[in-house]
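# Secondary and tertiary structure notes
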Amino acid sequence: NAGVTQTPKFQVLKTGQSMTLQCAQDMNHNSMYWYRQDPGMGLRLIYYSASEGTTDKGEVPNGYNVSRLNKREFSLRLESAAPSQTSVYFCAISASLGYGYTFGSGTRLTVV
Amino acid sequence: TQLLEQSPQFLSIQEGENLTVYCNSSSVFSSLQWYRQEPGEGPVLLVTVVTGGEVKKLKRLTFQFGDARKDSSLHITAAQPGDTGLYLCAGVKGAQKLVFGQGTRLTINP
């Protein structure tokens with residue numbers, strides 16, 4: 001989706017491996033988010049960053065870490081991947097907390 | 001427990017029919033948003049409703065926010081195959097973060 005770029009688009013990991021999902025935006029928005037989407041569960045918030053320099057836990061933060069590198073970039077790291085982390089991960093941005101979101105096109109992660 | 005419950009979870013109808021999707025909660029939201037998601041893509045914002053009782057129209061789509069700001073509905077008139085997708089409602093509550101419903105998967109058959 002225009003404005004939010006996620007990499008990679010697909011990834012297969014073995015249990016215990018680590019990886020970082022990257023998210024970059026060119027809309028100069030303050031707030032950035034990481035969600036995971038699982039069948040029948042909707043979108044669940046992992047971590048968010050209300051503004052540059054701040055990060056906070058969401059609904060399902062266990063097993064993940066984040067870094068708000070600068071205003072444009074917000075990365076999600078899996079230190080030791082588990083099969084339960086198999087999911088589609090979305091990065092989203094908004095002008096401010098509570099405003100409409102713009103989503104990236106997602107990263108489909110499989111942990112075997 | 002889902003904070004926002006959407007119904008139905010799945011809906012398959014013929015082109016030209018009308019339909020309504022519901023988004024319900026026991027909680028009050030300061031605003032509510034509707035998104036549509038197509039396979040392999042992220043959700044795309046359709047509308048935000050803010051005031052209790054508010055009605056917004058987007059071509060053949062009509063969105064309503066309940067008077068008590070606990071529920072919302074999406075009505076589609078004369079559905080077309082291009083309306084096929086996953087429809088998500090999301091409420092803003094506490095600390096200004098969005099909470100999503102589990103979605104309604106809509107299929108419009110030609």
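This text goes with the structure placed above it.
Residues numbered from 1 in each chain as written. Chains lettered and ligands numbered in written order. Predicted model: local features only at pLDDT ≥ 70, side-chain atom pairs only at ≥ 80, totals over all residues. Heavy atoms only, no water.

Residue and element names in this part refer to chain B. Across the sheet, which stays open at both edges, the five strands sit in the order β1-β3-β8-β7-β6 with antiparallel pairing between neighbours. Sheet topology places β1 (5-7) and β6 (55-58) at the edges, where each strand pairs with a single neighbour. The sheet shows a mean angle of 15° between the axes of neighbouring strands, taken without regard to direction. Direction of pairing for β6 relative to strand β7 (residues 61-65): antiparallel, over a ladder of four bridges. What sits directly across from Lys 57, in β7, is Thr 62. (Pairing = 2+ DSSP bridges. Helix = DSSP H or I, 4+ residues; strand = E, 2+ residues; numbered from the N terminus. Axes fitted to C-alpha atoms, helices over the stretch in contact; angles between N-to-C directions.)

Attention now moves to the side chain of Gln 6 of chain A. Residues and elements named next belong to chain A. Checked against the element boundaries, Gln 6 lands in strand β1 (residues 4-7). Only 3.0 Å separates the side chain of Gln 6 from the backbone oxygen of Tyr 89, close enough to count as a polar contact. For Gln 6, the side chain forms a polar contact with the main-chain nitrogen of Cys 91, separated by 3.0 Å. In contact with Gln 6, not counting residues within four places along its chain, are Gln 22, Trp 34, Tyr 89, Phe 90, Cys 91, Gly 104, Ser 105, Gly 106 and Thr 107. (Polar contact = N/O pair within 3.5 Å; in protein donor to acceptor, adjacent residues only side chain to side chain. Contact = heavy atoms within 4.5 Å.)

Turning to the packing of aromatic side chains, a few remarks are in order. The final tally for this structure, using the stated rule, is 14 aromatic pairs over all chains. Judged by centre distance (5.8 Å) and plane angle (90°), the ring pair of Phe 103 of chain A and Tyr 35 of chain B falls under edge-to-face. Of the two residues, Phe 103 of chain A sits in strand β10 (residues 102-103) while Tyr 35 of chain B sits in strand β4 (residues 31-37), which places them in two different chains. Overall, the relative accessible area of 1% leaves Phe 103 of chain A in the buried class. Counting every residue linked through ring pairs, the aromatic cluster contains Tyr 33, Tyr 35, Tyr 48, Phe 90, Tyr 101 and Phe 103 of chain A together with Tyr 35 and Phe 100 of chain B. (Phe/Tyr/Trp six-rings, centres within 6.5 Å; stacked < 30°, edge-to-face > 60°. Buried < 20%, exposed > 50% of the residue type's maximum accessible area, 1.4 Å probe, protein only.)

This paragraph deals with the pairing of β1 of chain A. Residue and element names in this part refer to chain A. With burial as the criterion, only one face of β1 is covered, namely that bearing Val 4 and Gln 6; the residues Thr 5 and Thr 7 on the opposite face remain uncovered. The pairing of β1 with strand β3 (residues 19-25) spans four bridges and is antiparallel. Paired with Gln 6 across the bridge in β3 is Cys 23.

Residues and elements named next belong to chain A. The four strands lie next to each other as β1-β3-β8-β7, forming an open sheet whose pairing is antiparallel. Of all strands in the sheet, those with a lone pairing partner are β1 and β7 (64-68), marking the two edges. The sheet shows a mean angle of 15° between the axes of neighbouring strands, direction not considered. When β3 meets strand β8 (residues 74-78), the two strands line up antiparallel, connected through three bridges. Considered in β8, the bridge of Thr 20 is made with Arg 77.

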